[in-house]
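# Working through the structure, step by step
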Amino acid sequence: MTDASHDRLLIIDFGSQVTQLIARRLRELNVYCEIHPFNAVTDAFLDDFAPRAVILSGGPSSVFAQGAPMPPARVFDLGVPILGICYGQQVMMHVLGGQVERGHGTAEFGRAYVTPSDGRLDLLQGWFETDREQVWMSHGDHVSKLAPGFAVYGTSPNAPFAITADTTRHFYAVQFHPEVHHTPNGARLYENFVRIAGFKGDWTMGAYREEAIARIREQVGDAKVICGLSGGVDSSVAAVLIHEAIGDQLTCVFVDHGLLRKGEAEEVVTMFRDNYNMPLIHADEQDLFLGELDGVSDPETKRKIIGKLFIDVFQKHAREVGDATFLAQGTLYPDVIESVSFSGGPSVTIKSHHNVGGLPEKMGLKLVEPLRELFKDEVRALGRELGLPPSFIGRHPFPGPGLAIRCPGEITREKLAILREADAVYIDQIRKHGLYDDIWQAFVAILPVRTVGVMGDGRTYDFACALRAVTSVDGMTADYFPFTHEFLGETATRIINEVPGINRVTYDITSKPPGTIEWE
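Residues numbered from 1 in each chain as written. Predicted model: local features only at pLDDT ≥ 70, side-chain atom pairs only at ≥ 80, totals over all residues. Heavy atoms only, no water.

### A word on empty space enclosed by the protein
Spelled out, the test is: Buriedness of a pocket was judged along seven lines, with at least five required to meet protein on both sides within 12 Å; pockets are open sets of points on a 1 Å grid over the protein atoms alone, cavities are sets where a 1.4 Å probe fits but cannot get out, and lining residues have an atom within 4 Å of a point. Grid points are joined across faces, edges and corners, and a volume is the space filled by probe spheres set on the points. Helix and strand assignments come from DSSP, with helices taken as H or I runs of at least 4 residues and strands as E runs of at least 2, each series counted from the N terminus. Three classes are used: nonpolar for Ala, Val, Leu, Ile, Met, Phe, Trp, Tyr, Cys and Pro, charged for Asp, Glu, Lys and Arg, and polar for all others, with Gly counted as polar.
Considering all chains together, one arrives at 2 cavities of 30 Å³ or more under this definition. Only strand 8 (142-145) and strand 10 (159-166) provide two or more residues apiece to the lining of the second largest cavity. Here the element with the most residues in the lining of the second largest cavity is strand 10; it accounts for 4 residues. Here the lining of the second largest cavity is composed, by residue class, of 5 nonpolar, 3 polar and no charged.

Right, here's the structure in full:
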């Protein structure tokens, strides 16, 4: 929990996959917030946290379900502004005396349009400058009767109470999701809400840096820490932040697991040793990882194996540096969301991440994860605050399991060698065309199929590959990058001509959702 000198906003999580985007919108406004699952928000917690405002998140449940998640009744007696979103609106009406009905043909999923009702509402300042606002709906049930004191301020075809409020108590409720980009004017709604609540907007990356350093020192004491360093933005920022907090108590371990990109091990080790004066162990463990992955094709099994082996390697080096008791990782919000429910909340698991869901239960090391509540762009902002070189901060994300999850099916040294070369050509093309900084993440995946081709006068039977490039703000949602056909044609020609083993190139145009950014 942050320093009590900050105004704090409490987000009560009912399991929505996009709850963390609410936090992101608030942080853009320099408002400190924390997300806590509904079943952890007790009366004692509320006394300790003392929120200036509360947001009730969306969620997959129905208020009619047995054991449906509910906030403590005392939330509504705090005397602070409350905003209910989607399921949060339904909960608010259900608890305060309104009515909710099951879908029965009134469900809405996707883009919808809300039109204003009579009356002006402070929450909607800057809204309805035209006759309607585009929003993103995702609900089966709907509110059918308002709780006493509430009035309606906006409707949609299937949500007669799309925007409601009790202006006397500053209780607000919307059926849609203003936190997602598909509600273009949603950020304005959050801006209005925090203004109504009287937030000073004093939470910055400078403040986060100082508070994170204090938390690290308190957690670690005089113990030794090892940090899993990949050379990516997350682990680099985590390492520099922790080193600023505890100095030589930190030793970084760079694990070369045989699943890195072309020349990456040498590049990372050189880059880090040239820029920072901290102990760094280069652990060459290629044979260990590739041996354990031999014959494995299931993506979840791959992640579990890699997660376990990472911990085994870290434990070995923890003993070598003098019985380190902490392991530092660059775990971020999106990793946590997709792997496990945040803080024990009810959200659905999408996939395990090697450093979250893939960790063995008894690993023998305590975790230090100072970036666990940050999104990628916030980590980059923190990196700039810490003075990291632009070459560190601007790198595209690279997953801990490395090329293992860009090699669907069984992993072999042959396929990895082909994949490295193809990826190197692709990234070189992106840089040559001046597109690297316009893209969130780009990579090649080698497909578990061979295809017939013709090169010269001969027949080939080689692998196909898929190019992937996405744009994103926070890694939670993403869209494919709109390369020109000329770029794609030129890149495909280079890969086929320069990389033996590939004779077919495709481009992945799947957004997230429904896909994920990585292939596995």
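### Quick notes on the UniProt feature "binding site: ATP" (unreviewed entry) in the protein chain
Put simply, the rule is: UniProt positions are given in the numbering used here, feature names are shortened, and annotations may be inferred rather than shown by experiment. Exposure is judged per residue with a 1.4 Å probe applied to protein chains only, and the accessible area is read against the type maximum: over 50% gives exposed, under 20% gives buried, and values in between give partly exposed. It only takes one pair of heavy atoms within 4.5 Å for two residues to be counted as in contact.
Mapped onto this numbering, the UniProt entry annotates "binding site: ATP" (unreviewed entry) at Ser-230, Gly-231, Gly-232, Val-233, Asp-234, Ser-235 and Ser-236. You can see Gly-232 is positioned in the loop between strand 12 (225-228) and helix 6 (233-246). Among the residues examined, Gly-232 registers a relative accessible area of 12% and is labelled buried. Topologically, Ser-236 is positioned in helix 6. According to the relative accessible area criterion, Ser-236 is buried, its value standing at 0%. Residues within four places of Ser-236 in sequence aside, it is in contact with Leu-229, Gly-231, Phe-272, Leu-388 and Phe-392.

### With respect to the state of the cysteines
This is how it is decided: Two cysteine sulfurs form what is called a disulfide whenever their separation falls within 2.5 Å.
This model, assessed by the stated rule, comprises 0 disulfides. Cys-33 forms no disulfide, and the closest cysteine sulfur to it belongs to Cys-86, at a distance of 19 Å. For Cys-33, a relative accessible area of 2% translates into the label buried. Summary of cysteine pairing: Cys-252 is not part of a disulfide, and the nearest cysteine sulfur, belonging to Cys-227, is at 4.7 Å.

### Description of unusual backbone geometry
Residue Pro-513 is bonded to the preceding Lys-512 through a cis peptide linkage, with omega at -15 degrees. Checked against the element boundaries, Pro-513 lands in the segment after strand 20 (502-507). Cis geometry is adopted by the peptide bond preceding Pro-514, which originates at Pro-513 and carries an omega value of 15 degrees. Assignment of secondary structure puts Pro-514 in the segment after strand 20. With a phi close to 60 degrees, Asn-30 is a non-glycine residue in the positive phi region. Counting through the fold element by element, Asn-30 comes out in the loop between helix 1 (19-28) and strand 2 (32-37).

### Things to note about the environment of Gly-228
On the secondary structure map, Gly-228 appears in strand 12. On the accessibility criterion, Gly-228 (17% relative accessible area) is buried. Along the chain, Gly-228 and Arg-420 lie 192 residues apart, while their C-alpha atoms are 22 Å from each other. Each residue touching Gly-228, except ones within four places of it in the same chain, is listed here: Ser-235, Val-253, Phe-314, Leu-327 and Ala-328.

### Structural notes on the side chain of His-317
Note the cut-off: Definition of a polar contact: a pair of N or O atoms within 3.5 Å, with one able to donate and the other able to accept a hydrogen when the atoms are protein atoms, and with sequence-neighbouring residues admitted only if both atoms are side-chain atoms.
Among the secondary structure elements, His-317 is positioned in helix 9 (residues 299-320). Given a relative accessible area of 7%, His-317 falls into the buried group. Side chain to side chain, His-317 and Glu-320 meet in a polar contact 2.8 Å long. Aside from chain neighbours lying at most four places away, what touches His-317 is Val-253, Ile-281, Ala-283 and Glu-285.

### Observations regarding the pairing of strand 4 (residues 82-85)
For clarity, the threshold we go by: Paired strands are those between which DSSP finds at least two bridges.
Judged by which residues are buried, strand 4 turns out to be covered on both faces: Ile-82 and Gly-84 on one side and Leu-83 and Ile-85 on the other are all buried. One ladder, built from 3 bridges, connects strand 3 (residues 53-56) with strand 4; its direction is parallel. Bridge assignment links Val-54 to a residue of strand 4, and that residue is Ile-82. Relative to strand 11 (residues 171-174), strand 4 runs parallel, the two being bridged by 4 bridges.

### Let's talk about the nonpolar core
We count it as follows: Buried Ala, Val, Leu, Ile, Met, Phe, Trp, Tyr and Cys residues form a nonpolar core when they are joined through side-chain atoms within 4.5 Å. Residue ranges for the domains originate in an automatic or database domain assignment.
Tyr-426, Ile-430 and Phe-483 are the most contacted members of the largest nonpolar core, which totals 99 residues. If you tally residues by element for this core, the top one is helix 6, at 9 residues. Two domains share this core, each providing at least three of its residues, namely domain 2 (205-394) and domain 3 (413-507). Among residues more than four places away in sequence, those in contact with Phe-483 are Tyr-426, Ile-430, Leu-435, Ile-439, Ala-469, Leu-488 and Tyr-507. Leu-123, Trp-127, Ala-159 and Phe-199 belong to the second-largest nonpolar core, a separate cluster that totals 37 residues.

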